[in-house]
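Report on the structure
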Amino acid sequence: MQHRHTRLALALLAAGIAGTAAAQNAPGQQQLERITITGSSIKRVESETALPVSVMTRDQIEKTGATNVEDILRRIGANTAMQSDSTQGAGYSQSFANLRGLGPNSTLVLLNGRRLANFAFGSIGGNSSVDLNSIPFAAIDRIEVLRDGASAVYGTDAVGGVINFITRKDYDKGAITLKYGAPEKSIGGKETSASIAFGMGGLKTDGYNLLVTGNVKKQTKVSSLDQKWYLRGIDEIPGSDPPTSGRSFPGRLVDFNITPGAYANAGAAFSPCDPNFNTIQTLTTTTPNGTPIKRCRFIYPAMQENLPDSKKADAFGRFTLDTGADSQVFFEASYARNESIGRTAAVPIDSTAGHVKADGTYPSFALPISSKYFPRDLLLSLGYTPAQFDTLGGGFTEIAMRSVPVGPRTNNVLNEQTRFVAGATGIMAGWDYDAGLTMSQAKGSLDYYNYLHEGRFIAELATGVINPFGPQDAAGLAALDRARMEGPMRRSKSTTYAFDAKASKELMSMAGGPMMLAVGTDLRKEKADDHAVNPDYELGLHIGGEGTVPKTVASRTIYAVFSELSMPFAKGWEATVKARYDHYSDFGSTFNPGVTLRFQPSKEILLRGSAGTGFRAPTLWDVNSPTAFTNTANSLVDPNCPAGQAGDPRCETQFNVRLSSDPTLKPEKSRQYSIGAVFEPVRDLSIALDYWHIQKKDQIGTIGGDAIMSDPILYQRYNARVHRLTSGFISYIETPVENLGDLKTNGIDVDVKASWPLGEMGRLGASFTGSYINQWKQQNGKGTPFVSYEGTAGDGAGVQPVPKWQHTLGLDWNLGNWNVTLENNFIKGWTESAGLVEANVGPSVEHKVKDTSRWNMSVGWKPMSTLSLRLGARNLLNQDPPFTAVSSYGSHVTGYAGSFVDPRGRFWYATASYQFK
């Protein structure tokens, strides 16, 4: 069968109707290169392609005040629920695009039409895509977003669409730009950046061009405690509490279920519950003498950050040499660096925070009852007897606590991307050709600080010198220092080697213009080397960390052949037939055809449509990684808590999750089509409407622990995956990567652009782009019913929020040397399920997240031809981010959705750019 597919693909190529060229010679990309924006946001109908494309120019980027790619892409409505860890630095400080909400693995990110290496760190069922921080920001000339499945054009991971970052070319000037920005409130979050661009030589005049750019940016942290977004649920959701954890400081006696510091008569060694970080919970159950049981619950978001300290830098260089005879050779080199210091709540300590043993049990965190910190007098005053103190045997009792005296867990993450490209373009024997050799590598480094080693902490706790319930003396601090687990933990890299070549030429004249053929090939090798450098980290012996991190070393090779045949068969009509044949060394072959049709009956109207298929192979981690443990993203409620233990914090916690890969996974397959129209009823007004539809089969993913525990239907279906101890408490939840079933989504994109001459008052431009999701549903298991997620928070795990509507409205007024821009970014709110709300803030009720509507404004002035100044405000009306009860969305702090909005309130910035040549 495989050989038959190969012969079919080659036969179609020979006939000139198979495949399509990637990068500049693809229909989307070839048309993209023809799009010219010359100081106006109007896109003429003649420049519209058969595929829907969004273009953002460098001028537009500068007017937004954005200093990173993530902030720019928030303005693209098709980029649903960006998955980002760069907002709080709690993970790996990466940022992934997410077109159509299909996940980063289905969005292809290119630089000058060619690939970069995927993010270095990975996990089973996780994302394997390009980190947006690896794009050289200062070199960007424009960004083109192909909002259509393009597997037949670019390859198998372009199911949701393609984002192509295009750098400056033939640039012969020099400019330096300085920027400073800060929130109006003194909460941190300052930004300083500087960039330089230098070019020399003209290809036509000098026969060469050299371009060099550089950019540095520094951002300071914003403490969650200073903003307290996480407390707003008390007012918005009746009966709710702050998001809390049973692992608190001061700590708790597990078997007595009390926190000594919750009682006024506890004694000097026992700290009271600090209201900034704790709530006091009074239970209906009582101590032996009838006193209500009290305990502290830790408000964990209070120790985290809404923005981390970070430093970013990038450099880009391109040298182009005219070799004569309409040919050029070029060399590109780029380097991007993103360093982040993320701080999260201090290490949570209880038995379920320890590593899962082979028999499914956990280690005990045991305090000797002989310790001076054991609250003997308090327990006696509450009616307990000495015979009840030795709960574990041998003179020990179980405790739960937070390592607040050690400090917040701190993740120092350094992500780097290095990329080299050598290539040639030109015309030979009537063929336009483009060929390139690429080497790209992403490297990641993770260092831990203020973490605790499980074995060493248990040993130090057993000496009795550590106080789980209050202040430490010198001996206690020394013991905690000896228990620290710090330094280098993980060093990983992802490498891509690629060679691509394509060529196109006119074949013959047709009634509507020349018939064009493009053919080419694409050879690629992908390698992953993801490993721990600390053996105890690999085994998951860091308390409150990310679980076990086994070594994953794997590689695959891919080769492809492709071509495209464009046929303007009648006046105003153009049909394009395309296909691509890919062969994966570890998954066999796939053949993906596609077709587009463009009809322009008049200058005022254009009709377009496309259809095609797609294919996505599992990631290298999905099929090669050893079994690993992690934990749920949210604190969740166990619906089958052991009888009589409903108030035990072990029934409401972040549960352990076991991930397992599967070398027998089938690849995802997709089908998509789009139908659209572009109208230009009058000059300087264009209106584009596009309907899109995507269906995936055999979707690759995991049914996450968050989804199972918060959805009663999923819990009933997958209850066998919830493994329990003999005591009835949950040991771990099984979440294997698997082919889940189908996914279906469709919606409408709107793109309106207009411009009005105002005579002596200059010119006013307007733009409006929006995306409406009509349907987004998937099967959470093979053959199971579809679950609709449009307009919801997703499942708390793999499915992120799916807003029904997003839009960006822009106004741009130019008058002489002055420019004023006004922008509105709108996101329709979504509904959080009762299960997720209950798990985080208490009540089992749905919560409607409010709409987000933010206005940005800037004023630009060019006092001389070489100097440009701009003053702007993001979030001009100082709108708070809407409250969210769930702490996912790429954020790790309950209270707001960091993937959608900036938390800093009104943010002022100033930019100065000087052209020095």
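The text that follows walks through the structure, step by step, so that each part is easy to find. (Residues numbered from 1 in each chain as written. Predicted model: local features only at pLDDT ≥ 70, side-chain atom pairs only at ≥ 80, totals over all residues. Heavy atoms only, no water.)

A look at the overall build of the protein chain
- Across its full length, the protein chain holds 15 helices and 48 strands.
- Relative to its length of 917 residues, the protein chain is compact, with a C-alpha radius of gyration of 29 Å against a globular reference of 29 Å.
- Judged by the C-alpha coordinates and their principal axes, the protein chain covers about 100 × 70 × 45 Å.
- For the protein chain, buried positions account for 61% of its 917 residues.
- Considering only residue pairs separated by 6 or more positions, the protein chain has 73% of its internal contacts joining residues 24 or more positions apart.
- Put simply, the protein chain shows about 33200 Å² of open surface, and 58% of that area lies on carbon and sulfur atoms.
- Of the charged side chains in the protein chain, 90 are positive and 87 negative, and the gap between their average positions amounts to 2 Å. (Helix = DSSP H or I, 4+ residues; strand = E, 2+ residues; numbered from the N terminus. Rg over C-alpha atoms; globule rule 2.2 N^0.38 Å. Buried < 20%, exposed > 50% of the residue type's maximum accessible area, 1.4 Å probe, protein only. Contact = heavy atoms within 4.5 Å. Areas by Shrake-Rupley, 256 points an atom, 1.4 Å probe, with all protein chains shown as cover. Lys, Arg positive; Asp, Glu negative; His and termini not counted. Charge placed at Lys NZ, Arg CZ, Asp CG, Glu CD.)

A word on the packing of aromatic side chains
- A complete count under the given rule lists 22 aromatic pairs for this structure.
- Ring centres of tyrosine 448 and tyrosine 451 lie 3.6 Å apart, and the angle between their planes is 5°; on these two criteria the pair is classed as stacked.
- Taking relative accessible area as the criterion, tyrosine 448 reaches 2% and is therefore assigned buried.
- Take tyrosine 451: its relative accessible area is 3%, and that puts it in the buried class.
- Linked through ring pairs, Tyr92, Phe96, Phe119 and Phe121 together constitute an aromatic cluster.
- A cation sits over an aromatic face here: arginine 100 above tryptophan 692, 4.0 Å from the ring centre.
- When the ring centre of tyrosine 171 is taken as origin, the NZ or CZ atom of arginine 168, which lies over that ring, is 4.9 Å away. (Phe/Tyr/Trp six-rings, centres within 6.5 Å; stacked < 30°, edge-to-face > 60°. Lys NZ or Arg CZ within 6 Å of the ring centre and 35° of its normal.)

A short note on a negative patch on the surface
- On the surface, Asp322, Asp326, Asp432 and Glu506 cluster together into a patch of negative charge.
- Positionally, aspartate 322 belongs in strand β16 (residues 309–324). (Patch = residues over 30% accessible without salt bridge, like charges linked within 9 Å, V, L, I, M, F, W, Y side chains within 5 Å. Salt bridge = Lys/Arg side-chain N within 4 Å of Asp/Glu carboxyl O.)

Focus: helix α15 (residues 834–841)
- Counted residue by residue, α15 has 6 buried out of 8 residues, so it is predominantly covered.
- Residues of α15 that are buried: Gly835, Leu836, Val837, Ala839, Asn840 and Val841.
- Tucked into the core, α15 has its buried residues touching β30 (636–637), β31 (652–653), α13 (705–710), β44 (831–832) and β45 (847–848).
- At the exit of α15 stands glycine 842, carrying a positive phi of roughly 115°.

Observations concerning the side chain of asparagine 105
- For asparagine 105, the location among the structural elements is in the loop between β3 (95–96) and β4 (107–111).
- Judged by relative accessible area, which is 11%, asparagine 105 ranks as buried.
- A polar side-chain atom of asparagine 105 sits 3.3 Å from the main-chain carbonyl oxygen of glycine 126.
- When neighbours within four sequence positions are excluded, asparagine 105 is seen to be in contact with Gly126, Asn127, Ser128, Ser129, Asp157, Arg616 and Thr619. (Polar contact = N/O pair within 3.5 Å; in protein donor to acceptor, adjacent residues only side chain to side chain.)

Some points on the sheet that holds strand β36 (residues 722–724)
- An order of β29-β32-β37-β36 is seen for the 4 strands of this open sheet, with the pairing classed as mixed. The strands lining the two open edges of the sheet, one partner per strand, are β29 (628–631) and β36. In this sheet, neighbouring strand axes are inclined to one another by 30° on average, regardless of whether the strands run parallel or antiparallel.
- As paired strands, β29 and strand β32 (residues 656–660) are joined by 4 bridges and run antiparallel to one another. Among the inter-strand pairings, alanine 628 is bridged to a residue of β32, identified as leucine 659. (Pairing = 2+ DSSP bridges. Axes fitted to C-alpha atoms, helices over the stretch in contact; angles between N-to-C directions.)

A look at the state of the cysteines
- Summed over all chains, the structure comprises 2 disulfides.
- Across the disulfide, cysteine 273 is cross-linked to cysteine 296 (sulfur-sulfur distance 1.6 Å). The sign of the -50° torsion about the S-S bond sets the cysteine 273-cysteine 296 disulfide as left-handed. Of this pair, cysteine 273 sits in the loop between β12 (252–253) and β13 (278–286) while cysteine 296 sits in strand β14 (residues 292–298), and the two are 23 residues apart along the sequence. Per residue, the accessibility class of cysteine 273 equals that of cysteine 296, and both read buried.
- Between cysteine 641 and cysteine 651 runs a disulfide, and the two sulfur atoms are separated by 1.8 Å. The sign of the 70° torsion about the S-S bond sets the cysteine 641-cysteine 651 disulfide as right-handed. (Disulfide = S-S within 2.5 Å.)

Some remarks on the sheet that holds strand β1 (residues 53–57)
- The 5 strands lie next to each other as β1-β6-β7-β4-β5, forming an open sheet whose pairing is mixed. Every interior strand has two partners, whereas the edge strands, β1 and β5 (114–115), have only one.
- The pairing of β1 with strand β6 (residues 140–146) spans 5 bridges and is classified as antiparallel. The residue bridging threonine 57 from the neighbouring strand is arginine 142, located in β6.

A closer look at the nonpolar core
- Counting residues in each nonpolar core, the largest one holds 49 residues, and the members touching the most others are Phe457 and Tyr537.
- Contributions of two or more residues to this core are made by β14, α8 (376–381), β20 (396–402), β22 (431–452), α9 (454–461), α10 (474–482) and β23 (484–510).
- Per element, the largest residue contribution to this core is 4 residues, and it comes from β22.
- The residues touching phenylalanine 457, leaving out its near neighbours within four places in the chain, are Ile349, Phe365, Met401, Leu452, Ile466, Leu480, Ala483 and Ile543. (Core = buried A, V, L, I, M, F, W, Y, C linked by side-chain atoms within 4.5 Å.)

Remarks on empty space enclosed by the protein
- Per the counting criterion, the structure on display carries 11 cavities of 30 Å³ or more.
- Roughly 390 Å³ of volume is contained in the largest cavity.
- In terms of lining residues, the largest cavity is bounded by 28 residues, among which Asn118, Ser128, Asp157, Glu526 and Arg556 are the most central.
- Mapped onto the lining of the largest cavity, the elements with two or more residues apiece are β4, β23, β24 (513–532) and α12 (620–624).
- Residue composition of the lining of the largest cavity, by class: 11 nonpolar, 10 polar and 7 charged.
- There is about 310 Å³ of room inside the second largest cavity.
- In terms of lining, the second largest cavity is formed by 22 residues, of which the most central are Asp71, Arg74, Asn825, Arg854 and Phe900.
- Of all the elements in the fold, those that place two or more residues in the lining of the second largest cavity are β42 (805–815), β43 (818–827) and β46 (852–864).
- Residues belonging to the lining of the second largest cavity are distributed by class as follows: 6 nonpolar, 9 polar and 7 charged. (1 Å grid on protein atoms, 1.4 Å probe; cavity = no way out; pocket = protein on both sides within 12 Å on 5 of 7 lines; lining within 4 Å. Points joined across faces, edges and corners; volume = space filled by probe spheres on them. Nonpolar A, V, L, I, M, F, W, Y, C, P; charged D, E, K, R; others polar.)

Notes on α10
- Along α10, the residues that are buried comprise Gly476, Ala479 and Leu480. Projected down its long axis, α10 shows its buried positions confined to an angular sector of 100°, all on one face.
- The backbone nitrogen of alanine 475 has a side-chain oxygen 3.1 Å away, supplied by the residue at the start of α10, namely aspartate 473. (Arc of directions from axis to C-beta.)

Structural notes on the pairing of β32
- A large share of β32 lies buried, amounting to 4 of its 5 residues.
- Inspection of the sheet shows β32 paired to strand β37 (residues 730–736) by 4 bridges, in the parallel sense. Bridge pairing links valine 657 to isoleucine 733 in β37.

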